[in-house]
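Below, each chain spelled out in residue letters.
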Amino acid sequence: MDGRAAADAANAVVVGARGAVLRRADGTECRLHGGMGVLRVRTLQRGERDPLVDVCGLREGDTFVDATAGQLSDALVAAHAVGATGRVLAMESSPLLWAVTSLRPARTGQPMVDALLTDRVAVALGDHTALLAAMPADSADVVYFDPMYQAPAHAKHAPGFEVVRAVACAAPLSAAALAEARRVARRRVVVKDQRGGAELERLGLRVEHEGPRQRFGVLDCAADGEPARKRARDEG
């Protein structure tokens, strides 16, 4: 048994009336909740803007892939942005986190959060490179990655963040995953990095947005909405 498997074996997921909760051997725990995603959705409801929605160019009816699901904060925001006719597929490599976030109907105690996650967000278990490889080409509008930062960006986090950090995949985003994402995405691939990080440069991505704590890099997959693979076939 490797180190991560041994650590996972010391944890437990308990399912009850309030949903699933991950409890670690040291007494810390995390459960599914809206977190900062709730405030971001309310910002959008007021007609204001969200950097992720802007960079991804999300609109009604889109299919959005969140390839690094975590606690589903970004997936929640995307679910609001794509509307009732869109869908969000979140991918999680940690069986423990997947057990907490995939339970449906979602039970966070927040009606708006529960409705968005239950109706519009599905969570798949597995390595994102393999899951993306199993998807047809041009089958999503946007594929998004928010890899775990190598060092926390700031001291204050949503409840349970340190538990998530302890069990989530900490590996850097691979070129293979990026290539699969480009094959799947019709419009663009988006990667988030912390301000002062170097991941976007390592991956050769164009930096499109820089905020006080985070920045986004993009890989455009289409021009004027036409899938890149179709253009390549036509030009060939």
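Whatever comes next refers back to the structure up there.
Below or above, wherever it landed, is the structure these notes cover. Predicted model, so just to flag it, every value in this text is computed and none were measured. (Residues numbered from 1 in each chain as written. Predicted model: local features only at pLDDT ≥ 70, side-chain atom pairs only at ≥ 80, totals over all residues. Heavy atoms only, no water.)

What follows is about the environment of Val184. Tracing the sequence through the fold places Val184 in helix H9 (residues 175-184). The sequence separation of Val184 and Val143 amounts to 41 residues, and the corresponding C-alpha distance is 7.6 Å. (Helix = DSSP H or I, 4+ residues; strand = E, 2+ residues; numbered from the N terminus.)

With that settled, the discussion passes to unusual backbone geometry. A cis amide bond links Arg104 to the next residue, Pro105, at an omega of 0°. Structurally, Pro105 is set in the loop between helix H5 (95-101) and helix H6 (111-120).

This part takes up the nonpolar core. Inside soluble globular proteins, nonpolar side chains tend to come together where they are buried. Among the nonpolar cores identified, the biggest contains 37 residues, and Leu58, Phe64, Leu72, Val88, Leu117, Val121 and Val190 are the most heavily contacted of them. Element by element, the count of residues in this core is highest for helix H4 (residues 73-82), at seven residues. By size, the runner-up hydrophobic cluster in this structure holds 21 residues, among which are Leu178, Ala185, Val189 and Leu200. (Core = buried A, V, L, I, M, F, W, Y, C linked by side-chain atoms within 4.5 Å. Buried < 20%, exposed > 50% of the residue type's maximum accessible area, 1.4 Å probe, protein only.)

What follows deals with the side chain of Thr129. Along the chain, Thr129 turns up in helix H7 (residues 128-133). Setting aside residues no more than four positions away along its own chain, Thr129 makes contact with Ser174, Ala176, Ala177 and Glu180. (Contact = heavy atoms within 4.5 Å.)

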